[in-house]
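Fold and contact review
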Amino acid sequence: IDKARSFLKRTVMLDQQRLHNINVSTNFTELDQQSPLLAYNVYAVINDLDGQHEYAQEIFYLLLKKQENSALIYTNLGYSFYLTNNYTVAKSYYKKALDIDSNFERAKLNLGLIYVRNSQYNRAVQLFKQVMTYAEAYNDIGYFLMLDGRYKEAEYFFQTAVDYSPSYFEKGNINLENVRIYLSAENILDSPLQSP
């Protein structure tokens, strides 16, 4: 990742210099037909991973001026806002991506994550089942709930995932077992101490 970051930054900076931008560190010059758009996109994603969300968003907006019908860029921009917990804006960009390409799986999955965060599980299942099996959809929802510390809800989704699977669903069973361990530990911590 460090090498990729270095090469991508160099590529973006060289392109900006080619476009006669003398203030590369403070703003971007609009791109042209020769600009390496994919390099800009990946560079923005890496900046998001580094927590440089505003900078990444600036690059995504720059890219949208050249590729206004890119489901990928709208999805990446949505994820940038998702990372800053701005779910309303993220959701609008995911929906825009799906308006452009109704089969874009990453936009469906990311929009589904927002529905999970907002406890809109039926909507999340409807999106997830378009790109995976019911068992996988319920397992993934359970997994995100478990990561969020919502163990009781996660248990329901893991159990449903196991029930939907026509054969032994190893991942679902392992997750179900793990969430039950968490629930058991919570019950022990929450129960009053008893005298000997």
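Residues numbered from 1 in each chain as written. Predicted model: local features only at pLDDT ≥ 70, side-chain atom pairs only at ≥ 80, totals over all residues. Heavy atoms only, no water.

1. As for the overall build of the protein
In terms of helices and strands, the protein carries 10 helices and zero strands. Listed N to C, the secondary structure of the protein is α-α-α-α-α-α-α-α-α-α in terms of helices and strands. For the protein, the C-alpha radius of gyration of 21 Å lies well beyond 16 Å, the compact-globule estimate for 196 residues. Each principal axis of the C-alpha distribution contributes one length, and for the protein these read about 75 × 40 × 30 Å. A total of 196 residues make up the protein; the buried ones form 43% of that total. Of the contacts made within the protein by residues no fewer than 6 positions apart, 45% connect residues no fewer than 24 positions apart. Accessible area of the protein: about 11,600 Å², with a carbon and sulfur share of 51%. Computed over 19 positive and 22 negative side-chain charges, the inter-centroid distance for the protein is 4 Å. (Helix = DSSP H or I, 4+ residues; strand = E, 2+ residues; numbered from the N terminus. Rg over C-alpha atoms; globule rule 2.2 N^0.38 Å. Buried < 20%, exposed > 50% of the residue type's maximum accessible area, 1.4 Å probe, protein only. Contact = heavy atoms within 4.5 Å. Areas by Shrake-Rupley, 256 points an atom, 1.4 Å probe, with all protein chains shown as cover. Lys, Arg positive; Asp, Glu negative; His and termini not counted. Charge placed at Lys NZ, Arg CZ, Asp CG, Glu CD.)

2. Overview of the packing of aromatic side chains
Taken as a whole and judged by the stated rule, the model has 14 aromatic pairs. When the ring of F81 is compared with that of Y93, the centres are 5.8 Å apart and the planes differ by 25°; the resulting orientation is stacked. Of this pair, F81 sits in helix α4 (residues 71–83) while Y93 sits in helix α5 (residues 87–100), and the two are 12 residues apart along the sequence. Take Y93: its relative accessible area is 17%, and that puts it in the buried class. Site record: aromatic cluster; members linked through ring pairs are Y121, Y134, Y138, Y156, F157 and Y164. (Phe/Tyr/Trp six-rings, centres within 6.5 Å; stacked < 30°, edge-to-face > 60°.)

3. Remarks on the packing of helix α1 (residues 2–18) against helix α2 (residues 37–49)
Relative to each other, α1 and α2 sit at 130°, their axes nearing to 9 Å. Judged by the inter-axis angle, α1 sits oblique to α2. When you trace α1 past α2, the crossing you get is left-handed. From α1, A4, R5, L8, K9, T11, V12, M13, D15 and Q16 reach across to α2, where they touch A39, Y40, V42, Y43 and I46. Its residues assigned to classes, the contact of α1 with α2 shows nine nonpolar, two polar and three charged. (Axes fitted to C-alpha atoms, helices over the stretch in contact; angles between N-to-C directions. Parallel < 35°, antiparallel > 145°, perpendicular 65-115°, else oblique. Left-handed = near helix turned anticlockwise from the far one by under 90°. Nonpolar A, V, L, I, M, F, W, Y, C, P; charged D, E, K, R; others polar.)

4. Here we look at the pattern of salt bridges
Enumeration according to the criterion identifies 10 salt bridges in this entry. The shortest N-O distance in the salt bridge between R150 and E153 comes to 3.1 Å. Relative accessible area serves as the criterion here: at 29%, E153 is assigned to the partly exposed category. Here the salt bridges do not stand alone but share partners, grouping R117, D148, R150 and E153 into one network. (Salt bridge = Lys/Arg side-chain N within 4 Å of Asp/Glu carboxyl O.)

5. Re unusual backbone geometry
At N85, a position not held by glycine, the phi torsion is positive, near 65°. Given a relative accessible area of 54%, N85 falls into the exposed group. With a phi angle near 60°, S119 is a residue other than glycine that sits in the positive phi range.

6. Considerations on the side chain of N110
Tracing the chain through its elements places N110 in helix α6 (residues 105–117). If sequence neighbours within four positions are ignored, N110 has contacts with T75, Y79 and Y94.

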